[in-house]
Amino acid sequence: MADTQSTTGSGDAPPDESVETQLSRDMSLADITFIGVGAMIGAGVFALTGFAAGLAGPALTMAFVLNGMVAMFTAVSYAELGAAFPEAGGGYLWVKEALADPNGFYAGWMSWFAHAVACALYAVTFGVFLTEFFVVFAGLPDGFVLFGLFDRLLVEKLLAVVMVLAFAYINYRGAEETGKAGVVVTTIKILILGVFVVFGILATVREPNWTATFFDSPSFAPNGLVGVIGAMGFTYIAFEGYEIIVQSGEEVVDPGTNVPKAVFYSMAIVVPIYVLVAFAAIGGIDVTAELAGRAGLSTAAPTWQVLGNLGELGIIEAAGQFVPYGVPLLLFAGLAATMSALNATIYSSSRVSFAMGRDRVLPGFFGRIHDDKRTPHWAIGLSAVLIGLMAVSLPIESVAAAADIMFIFLFIQVNWTVVKMRATHPDLPRTFKVPYMPWPPLVGIVLQFILTPFLLLELGLTPGLGAGSEGFVALVTTAVWMALGLMVYYGYSEGKEAEKLEAETPTVVTERAPERRESQVLVPIANPENAAQLMRTAIDVARDRDAEILVMSAVEVPSQTPISEGERFVGEKRETISAVMELATDADVPVSGTVRLGHDAGTAILNTIEEHDSDAVLMGWRGRGRRRDYILGSNVDEVVTKATCDVLVERIGPTDGEVESILLPTAGGPHAELAAEVCRAIARTNDATVHVLNVVAPDADESDREDARRRVNSTAAAVGDDVRVTTSVREGEDVAAAIVAAAEEFDLTVIGATREGLLQQLVFGAIPETVGRDAASAVIMTKRDLGVISWATRWFKRRRGDYHVRNDE
C-alpha cells in the first residue's frame, strides 16, 4: 500500500482533503541489498585489511568471521526496527523515540560524526590510492616533493579534500548514483575482488609449505587474543552498511519484508568476501627485498607484518605480485570503491544532520531545503566541512578508529532500543521480530563493549601507551566531540525540543481509496496548460468504460532529500489537481486526486498504477524528445514499456476542444482495437465522424487489398453502430507519410501500437511515433495491455509484415 499523508501545521491553510499525498517507493530488494553490499565492501576492504593484518596476523581470517557473528547480533535489531520504521534517520530516530533524552540527541550526534568520519576515511584512502597511481604510472618516486612544497602526505590530504568538496557539490546539485549504477559499480568491485581472491589462493597453494604462512609465522595469532579482538574492533566500521540500508527505508518497496532481507543478504555476501580477501592477501604475497624495503622490514618478516606496515597499500602491493595487471586493476577498484563509499556517506551523514535540524535539536538551518535544487544544502555543506577537517587533521588509522568507536556506541544504543520498544511499543507492526528476545541484542551490547577496550589497547589508545600515539589522538577527538555534544544539547537542543513539543501540530496519517468502480483511468498531470485537453479525453474514455478518473501529479525530490520532505513542495500541485478534478466533477464523472512524492516521476506513475490497480493511463506528450536516448521522453518511455494496463499517449496539438472528425489508421490487432474504443468514446461525446484507414503498397495484389478492406470493415464495426464511420484503403510507398498526409483533413488521429516496437526497441513502433511527431492534428497513440504473454511467443506465431499487412498483434 502507499503511504498516504495529509498534513497541516500551525498557520498553514488546510490542504484540499480530496487530494491525497503519497510516498512513491521505487527501490527494489536488489537495489537496497547492493546499497548495503557497496557500503560494506567500500574502502574498508582496501584500506583496512593491511592494517588489520598487522594486528591479528593470519588470524585475521578468523577475526572477520567473528566480526560477522558479532555484527549479526546488531543486524537483527536493525532488521526489526528498519522494517517497523522505514524512515530516513535510522538509529537516531529509533533511539529518540524509545529512550529518554539526551540519548536521542546523542544517537544523532554520534551517527552524524560516525558517518562523517567514515567518509573522511574513504576520502583519505582515495587520496592515497590516487597518489599511488601517479607514483606507479607517472614515475614519481615514493618520497616525492612537488615544487619543493608538497610532499606525498600533503598531496594525499589535498586530494582527499578536493574529492570531499566535489561530492558535496554533486549532492548539493541533486545528482545521484542511481540504483542501477550502484549495482553496476558494486558488481565491478566484487568481480575484481573475486579475481584477486582466485589468483591469491592459487599463489598460496602453489607453495608446498603454504600452511606455515598461517600457523608458523610465528603463530596463527602472533599478537594473541588482544590482536584478534583489536583487529575486529578496527574493521568493525566495515559492517555499518545496514545503517545505510535503513536510511533509505522510506524509498523501499514493501520495506517490512525487503529491509530485513537486505540486511541479512548483504551480511551473507560481505563476510565471505572479507575472509577470502584476507586469506589471499596473507597467503599469496611473497616478501621480496623490494617489498620488504617499502615496508621497512627485512625479507625474513612474515607476510602479515609486511601487510600491516604497508597499511592501506597492502592489498595493492599484494595484487601487484600475483594478479596479472594487479596494481592498476586494484587501484581502479579501490578508487571506484572509495568514490562510491564517499558519495554514500556524504549522503547518509547529511541525512542524519538534516533530520536533527528538522527536529530542532540542531539549529534550524540544518533542516532547510534549497528551493531550486530541493536538497538539504546546509546539512550537506556543514557535513562536508566536518569531513574535510577530519580528513586533514587525522592519520588514516586515527580516522578509522574514531569512526569505529562512534559506530560501536551507536549500535549499543540501537540494541538497547529494540529491547526497550518491546515494552513501550508492544503494538508496533513488526513484520520481522528478533527471536529469543531479549538475548540477541543484549549479547550484541556485551560483545561491543568487549571490542572497544581491545581496540583501544591494540592501537595504543590507552593512556599508558603514550599520549603521542596516533590512536590517542583518535580517543581525544572522540572525547572532544562527545563533550561538544553535551554543550550543544544543554545549551541549545533541550530548550528547542521543549518549544517544539508545545507548538507541534500532529501529523494525520490516513489511508484513503478513491470511489471504486469496475474500471479506473489514471491521468498524470505534468503541465497544467495541457490538463484540459487530457481531461477531455479522459472524461470521454471514463464514460465509455463506466470508469472513475484518478488524477495524479508527481513531486520529484533528489535522492539526497528524504521523500517525505517533498511534502513542502506539494502546494502548487494540490491546487492544479483540484482545478483539474473540477472538470470531471462538472462532467459528472467520479474523480479523485493524489500527489506522489518520489525521486522519479515515471516510477511514481508506475507505482500508482500498481497500487490503485488502474485499467488505463492517459499521458500527455509534447511531440519531441529532449534526449536522443529516449524515444518520446524518459517518463513516457518508462510508463509505456512497463505499465501493466492499457496506455494512451496524447500528443498535445492545436485543438480548441472541438473534435468533429477522427482518423483511425488500422491494420488490426489488439492495439488497433483499443484505438477503436478510444475513437468510439470521443466520437459519442462530440458527435464526430470516424474515418478508418488502411494503407497498402502500390504494387499490392488483389488478395492484399481484400485483406485491407476486411480489416477496415472489422475495425469500423468495433467502433460501434451508434457512431458515423467511413472507411477507405489508400496506396502509399511510405505508410507513415500517407497517414500524416491524411491526418491534415481531421481534427484528431488515433493510432495503435505496431509490432516494430518489439523488434526495434521503440515504444509504440516506428509508424505511430512518426505519425505522432509529424501529424498536424492532435494524436493519441494506444497500446493494449497484453498481460503475461511473452513477446517472443507472439513473434513466432505471426507473419512478417508492417502496416501493409498485419502489424499489431
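Structure: above.
The following paragraphs examine the structure supplied in this document. The shown structure was predicted, so the numbers you read here are calculated from the model rather than taken from an experiment.

Taking 1.5 Å per residue as the helical rise, helix α16 (residues 377-393) with its 17 residues ought to reach 24 Å, and the 24 Å between its terminal C-alpha atoms agrees with that figure. The complete set of buried residues in α16 reads A379, I380, S383, A384, L386, I387, G388, M390 and A391.

The next subject is the packing of aromatic side chains. Tallied over the entire structure, the rule returns 29 aromatic pairs. Considering the side-chain rings of W210 and F214, the 6.1 Å spacing of their centres and the 85° angle between planes classify their relative orientation as edge-to-face. Relative accessible area serves as the criterion here: at 28%, W210 is assigned to the partly exposed category. Given the relative accessible area of 3%, F214 is considered buried. On the basis of an interplanar angle of 45° and a centroid distance of 5.0 Å, the ring pair of F365 and W378 is categorised as tilted. One end of the pair, F365, is in the loop between α15 (326-358) and α16; the other, W378, is in helix α16, with 13 residues separating them in the sequence. A relative accessible area of 36% means that W378 is categorised as partly exposed. Cluster of aromatic residues (ring-pair linked, three or more members): F105, Y106, W109, W112, F113, F365, F366, W378, W481, Y489 and Y490.

With that settled, the discussion passes to the pairing of strand β8 (residues 591-598). With respect to burial, β8 is a largely interior element, seven of its eight residues being buried. Both strand β7 (residues 547-556) and β8 contribute to a ladder of eight bridges, which runs parallel. Paired with V555 across the two strands is L597, which belongs to β8.

Before going further, it helps to examine unusual backbone geometry. With an omega of 5°, the peptide bond running from M437 to P438 counts as cis. Counting through the fold element by element, P438 comes out in the loop between α17 (396-424) and α18 (439-458). Positive phi is not limited to glycine here, since R360 has a value of about 70°. As for its placement among the helices and strands, R360 is situated in the loop between α15 and α16. A positive phi is found at D613, a non-glycine position, where the angle reads about 55°. Judged by its relative accessible area of 55%, D613 is exposed.

Before going further, it helps to spend a moment on the packing of helix α4 (residues 91-98) against helix α5 (residues 103-138). The contact between α4 and α5 brings their axes to 7 Å, and the two run at 170°. It follows that α4 is roughly antiparallel to α5 by the angle criterion. Contacts between α4 and α5 involve G91, Y92, V95 and K96 from the first element and N103, G104, A107 and G108 from the second. Tallied by class, the residues present in the contact of α4 with α5 amount to three nonpolar, four polar and one charged.

Turning our attention to the side chain of N415. Along the chain, N415 turns up in helix α17. Exposure remark for N415: the relative accessible area of 0% places this residue in the buried category. Here N415 is in contact with F73, T74, S77, P441, G444, I445 and Q448, once residues within four sequence places are set aside.

We now examine empty space enclosed by the protein. Scanning all chains against the criterion turns up one cavity of 30 Å³ or more. Taken as a whole, the largest cavity encloses approximately 40 Å³ of empty space. In terms of lining residues, the largest cavity is bounded by V541, D544, R545, L674, E677, V678 and A681. Elements with a contribution of two residues or more to the lining of the largest cavity: α20 (531-545) and α24 (670-686). Considering each element in turn, the lining of the largest cavity owes the most residues, four residues, to α24. Class assignment for the residues of the lining of the largest cavity results in four nonpolar, no polar and three charged.

Criteria and thresholds
- Residues numbered from 1 in each chain as written.
- Predicted model: local features only at pLDDT ≥ 70, side-chain atom pairs only at ≥ 80, totals over all residues.
- Heavy atoms only, no water.
- Helix = DSSP H or I, 4+ residues; strand = E, 2+ residues; numbered from the N terminus.
- Expected span 1.5 Å × (residues − 1).
- Buried < 20%, exposed > 50% of the residue type's maximum accessible area, 1.4 Å probe, protein only.
- Phe/Tyr/Trp six-rings, centres within 6.5 Å; stacked < 30°, edge-to-face > 60°.
- Pairing = 2+ DSSP bridges.
- Axes fitted to C-alpha atoms, helices over the stretch in contact; angles between N-to-C directions.
- Parallel < 35°, antiparallel > 145°, perpendicular 65-115°, else oblique.
- Contact = heavy atoms within 4.5 Å.
- Nonpolar A, V, L, I, M, F, W, Y, C, P; charged D, E, K, R; others polar.
- 1 Å grid on protein atoms, 1.4 Å probe; cavity = no way out; pocket = protein on both sides within 12 Å on 5 of 7 lines; lining within 4 Å.
- Points joined across faces, edges and corners; volume = space filled by probe spheres on them.

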